[in-house]
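Single-letter residue listing:
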Amino acid sequence: MSDLTVPATVPDRDPGVDPYRLPRSVVPSRYDLTIEPDLAAFTFEGTCITTIDVVERVDRIVCNAIELDITRAGVVFEDGRTIDAARIELDETTERATLHFDTPIEAGIRVLHTEFTGTLNDKLHGFYRSTFTDTDGVDQVIATTQFEATDARRAFPCWDEPDFKAVFGITLVIESDLTAVSNGAEVSRAPRDSDAKHVVRFADTMVMSTYLVAFIVGPLDVTDPVDVSGTPLRIVYPRGKGHLTDFALEVGAFCLDFFAEYFGVAYPGDKVDLVAVPDFAFGAMENLGCITFREALLLVEPTEVTQPELQNVTDVIAHELAHMWFGDLVTMKWWNGIWLNEAFATFMEMMATDAFRPEWDRWASFGLSRTMAFDTDSLETTRPIEFPVVSPADAEGMFDVLTYEKGAAVVRMLEQYLGANPFREGIRHYIAQHAYGNTETTDLWDAIESVTEEPVRRIMDSWIFQGGYPLVTVDLVNDGGTLRFGQEPFAYAGDLGEGDAAVESELKARTWPVPLIFTQAVGEIVTFEQELLERDGLDVALFEPVDWVLANTEGTGFYRAAYAPDLRASLVAKAQAELSPIERYGLVDDAWAAVLADRMTAVEFLEMAEAFAAETDLSVWQRIVAALGSLDRLVEGDDRAALATRIGLLVRPALLRLGLTPATSETDRDRELRGVLIEALGVLAVDPVMRTEARALVGLADSASTADPSVLAASIAVVAASGGAEDFDVFVERFHTATTPQEELRYLYALAAFDDPELVDRLTAMTLTDEIRSQNAPYLLARAMGNRTQGPRAWAFVHEHWQTLGERFPSNSIVRMLSGIRSLSDPAVAQDVYAFFEEHEVPQGDKQLAQHLERLEVNVALRARASDALAHHLAHHSAR
Ligand SMILES: [Zn+2]
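Trainee: Outline the overall build of the protein, supporting the account with residue identities and numerical values.
Mentor: When helices and strands are counted, the protein shows 27 helices and 30 strands. Here the protein, with 880 residues, has 60% of them falling under the buried criterion. For the protein, long-range pairs separated by at least 24 residues make up 71% of all intrachain contacts whose partners lie at least 6 apart in sequence. Surface accessibility of the protein: about 32,700 Å² in total, with carbon and sulfur atoms responsible for 50%. Averaging the locations of the 71 positively and 142 negatively charged side chains of the protein gives two centres separated by 0 Å.

Dropping the structure here:
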């Protein structure tokens, strides 16, 4: 395990020191893999003929394997001679197979032949089974793969490290009525001589890493291919869902062309299949040419979903397709580089979505993702974006908000600072230079630096190798004649006195070269400037008095801003007229963070939010409403009712401006804004009229609703927050009978919002049954822990059933489930949580768990600090 303050380095490559790195004495170049799954017995058999370069004479061959029974292994020589391994040793700790030979194998190109069997597990990793009920009510089984990070070794013996790239020639032996897909295009399909099974052969892949291999077998249907500049694109889906595939085809076709143009290189595979899998641990996976998805992130009927749901589908398809170049064609050398792989794909996903639907204003909604990254990066237990990765558990721990969202934000900051075109030239240079190869993070910075001649590596090293981020301070000095920018590390106030003093003083000393882009207004003249804000700060001479200053133009910098009081007041006053939505978003977001950092009071925040009554942008409202929801957790009884009244006074006029019914001329974002305001009014403001209206809109008496999807989704949330057992039953029924994946999730996740201990008990009990898929149950429990009043009860359930949940849910989802504790704030509950995790651990998410625990501490501290003052204010003041 690595420590927060240890500088990141490439792990030691000496296999004698590092038990997780394979020796380099034998290097594979090609796998001819044949797999025969048995979908009834949940088993598979395989053979693999691996072409290997024996670099030096060896008496053993070491590769990766786990949960495989290797029944035979032998080396075949040019003259046909085979030497079988005398002994095959499996080590579960290092997940390795060691093949011992009595006769040493001389250096040269050799062929290793292995035969093995395994189980189609239900843990959603390796080669596993996924099930669904078809349209005739028949239970069906799919055998599918998920190999990233280190689970290819569960399906076949292999050199399972990203820089052992090789060609894969895959053959699947399947029942004649099933469909099979893999990375390459199908080249032949014929009945086997010995029985009626079909042998399906796929084209060789390009050289690539083991974690990108995929094969899927089952009762699947396939759309007709769409020709995208010569690449056939198809959607593969469980039978019966063909009507939900058009949108994914449209997005996929757009993105393939978009990325080929952006990267300046044609798509590197021979076809693209986008595959919907009913049980899937992650969101989606970028297997070359055979990309797997959760159903809700691929199959969609655009007229029946909300704008965020549709944008989510677009994002994820774009993200995975970006990986075909950035990740699959050019790959990190080792898992410490996973952050760049994911950060860059996240950045490209937004760029592609922004190009696909400019009216969605994708960079404005990126503000919400950036907020999530800030929220973790404001903690003492944050981590550097890049850190040493030794074990597979370390690699698993890298898939978090800092890798994806902070990583993407700092890439975006660099791109905006350098300019979009010079940045893209740097990327093209990097892709061309390293195609089919493996890279370190610094190779990217060097490529961009060589094109732009900016100090890219120095800037990025400081953002990548130290955790946290700066608060940029803005002051007027010298009688208003000088604008002074400074920086200090931003941190929440949550330390209850148990922090490590050495860590704290190291944190306080951090500085960054900040790519500062700022706006200043003098009279009618508004100008933009950019400077690198270094450790010593920056003075800008003013020749005329400045009207207002904004320190993060277009919100592209990964930093927060704190203004001197006068500057802040003038900025808030000008916000609606002069700032863009993402800039206003930043103003609100920074203010709420200031409350958590004890730099602003909750009362000051409430009054500032009320200054946004004329706001019209979706993202800004989403941020305001979320922060008001946090305020709502600080007060009880009459004070809470007074807050509800204040929220109603703020939100109701905005909803009246929009009206309850969508207008044909309005944008997708306006439609969604209506939903946000309805939910705020019905849930936080406890508006009785809205609650009645929501019940009517959900159509509780009828079987379906004809409401606009955003209005419907919001109404479902309102009914859940105020509903009882009968409503709960209706929601469970609708979850089971939903006709789209999105509708299914909408009703399922709404179950976590009911405010009734008995219903919470019913819900948590359901997570222990097959009624709820293990891919969804952890997220449902996270939501249940986020329930304002019932959260502690949901936590008690997790506490009590810890071991069962750990066995039942995918390994990667445990720490995500625990994100629910970030919403708790009761000191007694917090003590129980802390005590529990003194005794229990989550090795694959130890850093994230520490962050969840510290975030809980921040809530407890805020509650102790702010509740009384907010209550007092609400009792004695009404809205200004
Ligand atoms: Zn990704």
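There is more to say, and it comes next.
Trainee: Can you explain the sheet that holds strand β3 (residues 58-64)? Please cite residues and give values.
Mentor: Pairing is antiparallel in the open sheet, where three strands are placed in the order β3-β7-β6. Of all strands in the sheet, those bounded by a partner on one side alone are β3 and β6 (87-91). When the angles between neighbouring strand axes are averaged without regard to direction, this sheet yields 20 degrees. Bridge count between β3 and strand β7 (residues 96-105): six bridges; the pairing is antiparallel. Its bridge partner being in β7, Cys63 is matched across the sheet by Ala97.

Trainee: Give a detailed account of the sheet that holds strand β28 (residues 538-541), specifying residues and quantitative values.
Mentor: Here four strands make up an open sheet; going across it, the order is β28-β25-β24-β30 and the pairing mixed. Each end of this open sheet is capped by a strand with a single partner; those strands are β28 and β30 (560-563). Strand after strand, the sheet turns through a mean of 25 degrees between neighbouring axes, direction not considered. Relative to β28, strand β25 (residues 482-489) runs antiparallel, the two being bridged by four bridges. What sits directly across from Thr482, in β28, is Ala541.

Trainee: Describe helix α21 (residues 757-766), listing the residues and the values that go with them.
Mentor: Of all the residues in α21, the buried ones are Leu759, Val760, Leu763, Thr764 and Met766. The arc that holds the buried residues of α21, viewed along the axis, is 155 degrees, so those residues lie on one side. On its buried side, α21 packs onto α19 (725-737), α22 (777-785) and α23 (791-800). Of the residues flanking the start of α21, the one acting as N-cap is Asp756, its side-chain oxygen 2.9 Å from the backbone nitrogen of Glu758.

Trainee: Talk me through the packing of helix α2 (residues 307-323) against helix α3 (residues 338-356); I want residue IDs and the actual numbers.
Mentor: With their axes 8 Å apart at the nearest point, α2 and α3 run at an angle of 125 degrees to one another. As summarised for this structure, α2 and α3 are arranged oblique, according to the angle between their axes. As for how α2 packs across α3, the hand of that crossing is right-handed. Listed contacts from α3 to Gln311, Thr314, Asp315, Ala318, His319, Ala322 and His323 of α2 are Asn341, Glu342, Ala345, Thr346, Met348, Glu349, Ala352, Thr353 and Phe356.

Trainee: Run through the coordination of the zinc ion, naming residues and quoting values.
Mentor: Coordination of the zinc ion by the protein comes from His319 (NE2), His323 (NE2) and Glu342 (OE), over a distance range of 1.9 to 2.1 Å. All donor residues of the zinc ion come from one chain, and their arrangement in sequence is H-x3-H-x18-E. Taken together, the residues span a long stretch of sequence, with His323 in helix α2 and Glu342 in helix α3 at a distance of 19 residues. Each member of the pair His323 and Glu342 is classed as buried.

Trainee: Can you tell me about the state of the cysteines, naming the residues and giving the values?
Mentor: If you walk through the whole model with that rule in mind, you get zero disulfides. Free of any disulfide, Cys63 has its nearest neighbouring cysteine sulfur in Cys158, separated by 7.1 Å. For Cys63, a relative accessible area of 2% translates into the label buried.

Trainee: So what's going on with the pattern of salt bridges? Residues and values would help.
Mentor: Following the criterion strictly, the structure yields 58 salt bridges and no others. Where Glu67 meets Arg154, a salt bridge forms, and the shortest distance between an N and an O atom there is 3.1 Å. On the criterion of sequence distance, the pair formed by Glu67 in the loop between β3 and β4 (68-76) and Arg154 in the loop between β10 (139-146) and β11 (167-174) is long-range, its members being 87 residues apart. You can call Glu67 exposed: its relative accessible area is 54%. A salt bridge links Glu89 to Arg87; its shortest N-O distance comes to 3.9 Å. Given the relative accessible area of 45%, Arg87 is considered partly exposed.

Trainee: Quick rundown of the confidence of the model for the protein? Include the residues and the values.
Mentor: Summarising the model, the protein shows a mean pLDDT of 94, and 97% of its residues fall at 70 or more. A low-confidence stretch, residues 1-16 (pLDDT under 50), is modelled with 32 contacts involving residues beyond four sequence positions or located in other chains.

Trainee: Explain the packing of aromatic side chains to me, and be specific about the residues and the numbers.
Mentor: Counted under the stated rule, the structure contains 43 aromatic pairs. On the basis of an interplanar angle of 70 degrees and a centroid distance of 5.9 Å, the ring pair of Tyr267 and Trp325 is categorised as edge-to-face. Separated by 58 residues along the polypeptide, Tyr267 in the loop between α1 (246-263) and β19 (272-277) and Trp325 in the loop between α2 and β22 (331-332) bring together distant segments of the chain. Among the residues examined, Trp325 registers a relative accessible area of 0% and is labelled buried. One residue, Arg21, lies across the ring of Trp334, its end atom 3.4 Å from the ring centre. Note that Arg81 overlies the ring of Phe77, its terminal NZ or CZ placed 4.4 Å from the centroid.

Trainee: Residue-level account of unusual backbone geometry, with values.
Mentor: Of note, the bond from Glu148 into Ala149 is cis; its omega dihedral lies within 30 degrees of zero at 5 degrees. Counting through the fold element by element, Ala149 comes out in the loop between β10 and β11. A positive phi angle, close to 60 degrees, is found at Phe42, a residue other than glycine. The topology assignment puts Phe42 in the loop between β1 (26-38) and β2 (43-54). Not every positive phi belongs to a glycine, and Asn478 is a case in point at roughly 60 degrees. Looking at Asn478, the relative accessible area reads 57%, which means it is exposed.

Trainee: Can you lay out the environment of Glu415 for me, pointing to particular residues and giving the numbers?
Mentor: The residue Glu415 is located in helix α6 (residues 401-418) in this model. Looking at Glu415, the relative accessible area reads 3%, which means it is buried. Separated by 68 residues in the primary sequence, Glu415 and Phe347 place their C-alpha atoms 9.9 Å from one another. When near neighbours in sequence (up to four residues on either side) are disregarded, Glu415 contacts Phe347, Met351, Ala420 and Phe423. A polar contact of 2.9 Å, which involves the side chain of Glu415, links it to the side chain of Gln416.

Trainee: Residues and numbers for the side chain of Arg674, please.
Mentor: When you line up the elements, Arg674 lands in helix α16 (residues 668-684). Look past the residues within four positions of Arg674 in its chain and what remains in contact with it is Leu655, Leu658, Gly659, Leu660, Thr661, Pro662, Ala663, Glu666 and Val711.

Criteria and thresholds
- Residues numbered from 1 in each chain as written.
- Predicted model: local features only at pLDDT ≥ 70, side-chain atom pairs only at ≥ 80, totals over all residues.
- Heavy atoms only, no water.
- Helix = DSSP H or I, 4+ residues; strand = E, 2+ residues; numbered from the N terminus.
- Buried < 20%, exposed > 50% of the residue type's maximum accessible area, 1.4 Å probe, protein only.
- Contact = heavy atoms within 4.5 Å.
- Areas by Shrake-Rupley, 256 points an atom, 1.4 Å probe, with all protein chains shown as cover.
- Lys, Arg positive; Asp, Glu negative; His and termini not counted.
- Charge placed at Lys NZ, Arg CZ, Asp CG, Glu CD.
- Pairing = 2+ DSSP bridges.
- Axes fitted to C-alpha atoms, helices over the stretch in contact; angles between N-to-C directions.
- Arc of directions from axis to C-beta.
- Polar contact = N/O pair within 3.5 Å; in protein donor to acceptor, adjacent residues only side chain to side chain.
- Parallel < 35°, antiparallel > 145°, perpendicular 65-115°, else oblique.
- Left-handed = near helix turned anticlockwise from the far one by under 90°.
- Donors = N, O, S within 2.8 Å, 3.2 Å for Na, K, Ca; no water.
- Disulfide = S-S within 2.5 Å.
- Salt bridge = Lys/Arg side-chain N within 4 Å of Asp/Glu carboxyl O.
- pLDDT = per-residue confidence, 0-100.
- Phe/Tyr/Trp six-rings, centres within 6.5 Å; stacked < 30°, edge-to-face > 60°.
- Lys NZ or Arg CZ within 6 Å of the ring centre and 35° of its normal.

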